[in-house]
Amino acid sequence: MKLQKILIWIFLLLLAGLYTNPLLADEYTNHKVSIGGSANWNIYQSDFYSLPGVLNSNIYDNVKCDFTTGFGYAIRIGYGYEFTLWDMPATLGGDIVFTDLSAKYSEDAKFTNWIDGDNYGDAISRHILDISLQTALLNPYISLYPIDKHPLSFRLGLNLGINISGSYDQKEELVSPDNIEYSNGSNSIYVESGDLPDKSALYAGIQLGVGYDIAQIGNWVITPNILLNYGLTNIVSGLSWQAHSANIGITFTYKFPVYTPPPPELPKLPAPPALPLPKPPEVAKLELVVDASERNNETIYVPVNIDEIITTRVSMPILYFKNGTDTIISGYAPQLLDLLRNNKNISVEIGVSYPELSDADDLSEKRKIAINSFLQTNGINAVTTFSLKKDEKQQKYPELNQEYAYAKFYVNGKYAIVEHTRLDTAINQIGSASLSLEAKIVADATPYQYKLDYYIDGRTQSVMDEKWTLTLNQSNLKWTTPSAKSKLDIRCHLQDAEGKNAEQHFDYTVVPQLIATTYTNSKPDNAWTDEYVVGFFGFDESVLLTRNDNAINIIRKALAQGKLIEVVGTTDAFGTQQYNIPLSVSRANAAIAAIDTEHKWSSQIQIGNSNKPSHTNGTIYDRQHERAAIIRIMAK
C-alpha cells in the first residue's frame, strides 16, 4: 500500500511538470547559476591487499576483493549557458564539486582450528579496512531536454580534479569463538592506520546523469537528480584501483530574468494654488534646560571616580620546624588556619631533613604531637592522618636542609593553594562639578512681558539666565554651594501683554554617581591590569609543586575573550643570575603548559622580562614563595 502511494505521487509530479518547465520560459536569459548537494553510494574496484605499505595477515594473502561500497556526500556550485542542439533545449556548463569517496571493506576467513575439551571448530577472524578519500573536482558537462516542453533532462560530463586527502584504518578482529583473544590480550590485532601510501594526486572520470525539474519558487528551480560517476584513474599509483559513485541529490538553479525597462514617467501636473489657512492661536511655552553630565527624569547625576583594588594573597599550606626540634617556625600564612578550619579530614606529611636522619622516627613522632597541639590550640578539630618523608640528600646550600623539616597539609587528598582576597576602596578625582540651568521662552513674534524667578532653598533671583557651580565635599559627598542640600527648587513665571500669568515648577535632586574602576592585586601601569600567582615550584625545579586553579580558570576566560597575557617565572636568591634566568623561563613555560594544554592561545601568550627574577632574601617561607609563576593580563 505504501509503495502504491509513492508511485501515485511520482506520477502526479511528472504530470505537473509536463507543461510547466520553467527553464524553457521566454522571460529568462540564457544564463543560470546553481548550488546543490547529494548523498553518495561509493563503489571501489580493487585488490585492497595490494596497497603498498599496508600490513596484512598471512591468512589473507589469497583473498581478493572485486569491489566494496560505502557512503559519502558531495557539494557543488556551478554555472550554465542554455542553447539549442538538434532542435532540443540544451545546457553547457560546469560545476565545482567537493566530494567524499569513503568506503568500508570487511572479509571473514578461517585462520586455524580451536579445541576446548570435547568441543572444536573453526577460528574465524574478520579483516576490516576503512578508506577515507576527499576530492575536489571541476565537472564540465552538457545536458539535454529530449522531450519537448518536458522537465526531464539527461546529462553527460567529465570529472577532473585532485585528491585532497586520503587515509585508511585497517585491523583484524576475532569473530569466533567469542571467548578467545590474541596474544596481545585483545580481540583485535594488526591495527594499521594513516595516510594512503602512494596516493595519486589527480582524479579523472566520466559522469552520466538524469534530472527532473519538479517546481519553481520565484526565479529558483528545484531539480532532484541522479548522477553516476565512473572513475578512470587509479586512487593509488601503481595499483589498479578506481573509485566510482552513485549520487542522489537535489539542485537549486537560479534563472536570470530578462530585464524589462520601466514604463516612461507621465508628465507632472502643476500643483494647485495653496489656499490661505487660518493662523493658529499664539501660545507661549516654558522650557527648562539642564546641562549636566547625566540626567534621568528629576535626578541629575555627577560622576565621581572610585578605585577598587582587589588584593589576592596566595601561599602554600606548609609549616617549618627548626632543625632537630619539633618547634614550629613562625611566619606561616594566617589564611592557612581558615583553610584547615573548613575541613574535617586533614592529611599531614612530616618531613625530616638530611641532618636529622639518625633520629628520624623519634623526631617525626614529636612533630606529630606538635602538629596536633597546633591544630587544637587554633580551634581546629579534624581527623588527622600522618605520613613520613625523609630527605636523604645533602643539599648544595646548607640553608636548604631547613626546608625539608616541614609539615605539609593535604585537604581532600589535594595539596592546594591557600588563597585570601581583600578589597580596598579609594575615592579618586573628586573636585568641583559645574551645573548649568537656563529657562527658555518658546513663542512667536508677539511681544510678551515676562520675568523668571528661581527659588533655591528660599533664595529668589529674577534673571533670564543663571548658572551655579556646585562643589562636592570630599568627606561626605554632599554639595557645599549654594547650600549643603542637594535639592533644587525652580519656579518659572511668565506674563503676557494682557497680564495673564503662566507658571512651571521644576524639582531636581543632584546625586553623585560613583564610577568604580577595579584593579586586581595592585594598581596597574600602562601595560597590564590583573596579576595572578598560578603556582609554586620546588628548589631548582620547573614542575609545578601546587597550582592555583581559580587563577587558571580566570586566565583561560581572558584568553577566550582575545586578551593577551604575560607569564613571568621567579626564583629565590640562590644561584647566579646566569643560572636563574633560564630556570625562570622554564617555570614560565610550565605555567603556560598548565593553562594552554591544547596550544590554541599560543599567539596571545608571551614570556615576560626575567632578567631580574624577584626575590626578597627573607625567611624560609619567603624563599618557598619566591619560586613561583606569575601571570598578568595585558591592558591592550
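Residues numbered from 1 in each chain as written. Predicted model: local features only at pLDDT ≥ 70, side-chain atom pairs only at ≥ 80, totals over all residues. Heavy atoms only, no water.

Draft legend 1. Quick look at the overall build of the protein. If you tally the helices and strands in the protein, you get six helices and 30 strands. Sorting the 636 residues of the protein into buried and exposed places 39% on the buried side. Across the protein, contacts joining residues at least 24 apart in sequence account for 73% of those joining residues at least 6 apart. When the accessible surface of the protein is summed, it comes to about 36,100 Å², and 55% of that surface belongs to carbon and sulfur atoms. (Helix = DSSP H or I, 4+ residues; strand = E, 2+ residues; numbered from the N terminus. Buried < 20%, exposed > 50% of the residue type's maximum accessible area, 1.4 Å probe, protein only. Contact = heavy atoms within 4.5 Å. Areas by Shrake-Rupley, 256 points an atom, 1.4 Å probe, with all protein chains shown as cover.)

Draft legend 2. Fine view of the sheet that holds strand β16 (residues 345-352). Pairing is mixed across the open sheet formed by four strands, whose spatial order is β15-β18-β16-β17. The outermost strands of the open sheet, each flanked by one partner alone, are β15 (318-320) and β17 (383-390). For this sheet, the mean angle separating the axes of adjacent strands, direction not counted, is 20°. Pairing between β15 and strand β18 (residues 406-411): three bridges, direction antiparallel. (Pairing = 2+ DSSP bridges. Axes fitted to C-alpha atoms, helices over the stretch in contact; angles between N-to-C directions.)

Draft legend 3. Molecular detail of the pairing of strand β10 (residues 220-231). Alignment of strand β8 (residues 202-212) against β10, held across seven bridges, turns out to be antiparallel. Counted as the bridge partner of G205 is G231 from β10. Bridge count between strand β9 (residues 215-217) and β10: three bridges; the pairing is antiparallel. Its bridge partner being in β10, I217 is matched across the sheet by W220. Between β9 and β10, which follow one another and run antiparallel, lie two residues, and G218 among them has a positive phi close to 65°.

Draft legend 4. Representation of the packing of aromatic side chains in the model. This model, assessed by the stated rule, comprises nine aromatic pairs. Ring plane angle 90° and centroid distance 5.5 Å describe the contact between Y332 and F374, whose orientation is recorded as edge-to-face. In this pair, Y332 is assigned in the loop between β15 and α2 (335-341) and F374 in helix α3 (residues 360-377), connecting sequence segments 42 residues apart. Joined through ring pairs, the aromatic side chains of W220, Y254 and F256 make up one cluster. One Lys or Arg, K408, reaches over the ring of Y406 and ends 4.9 Å from the middle of that ring. (Phe/Tyr/Trp six-rings, centres within 6.5 Å; stacked < 30°, edge-to-face > 60°. Lys NZ or Arg CZ within 6 Å of the ring centre and 35° of its normal.)

Draft legend 5. Fine view of the environment of I310. Looking at where I310 falls in the secondary structure, it is placed in strand β14 (residues 299-315). Along the backbone, I310 and L423 are 113 residues apart, and their C-alpha atoms lie at a distance of 4.6 Å.

Draft legend 6. Looking closely at the pattern of salt bridges. Inspection of every chain in the model, using the stated rule, returns 17 salt bridges. The salt bridge partner of K600 is E598, with a shortest N-O separation of 4.0 Å. In terms of burial, K600 and E598 fall into one category: exposed. A cluster of three or more residues bridged by salt bridges with shared partners is formed by E403, D572, R623 and R627. (Salt bridge = Lys/Arg side-chain N within 4 Å of Asp/Glu carboxyl O.)

Draft legend 7. Representation of the sheet that holds strand β30 (residues 628-634) in the model. Taken together, five strands build an open sheet; the order of strands is β27-β26-β30-β28-β29 and the sheet is mixed. The sheet terminates laterally at β27 (544-547) and β29 (605-607), the two strands that pair on one side only. The average angle at which neighbouring strand axes cross in this sheet is 30°, direction not considered. Docked against the sheet, helix α4 (residues 549-560) engages β26 (528-537), β27, β28 (565-569), β29 and β30, running at close to 135° with respect to β26. Against the sheet, helix α5 (residues 577-595) engages β26, β27, β28, β29 and β30, with an angle of about 135° to β28.

Draft legend 8. Broad picture of α4. The end-to-end C-alpha distance of α4 is 16 Å, a good match for the 16 Å that 12 residues give at a rise of 1.5 Å each. Regarding α4, the residues found buried are A551, I552, I555, A558 and L559. Within α4, the buried residues cover an arc of 125° as seen down the axis, which keeps them to one side. Exposed residues pointing more than 90 degrees away from the buried face of α4 are listed as K557 and A560. The secondary structure elements touched by the buried residues of α4 are β26, β27, β28, α5, β29 and β30. (Expected span 1.5 Å × (residues − 1). Arc of directions from axis to C-beta.)

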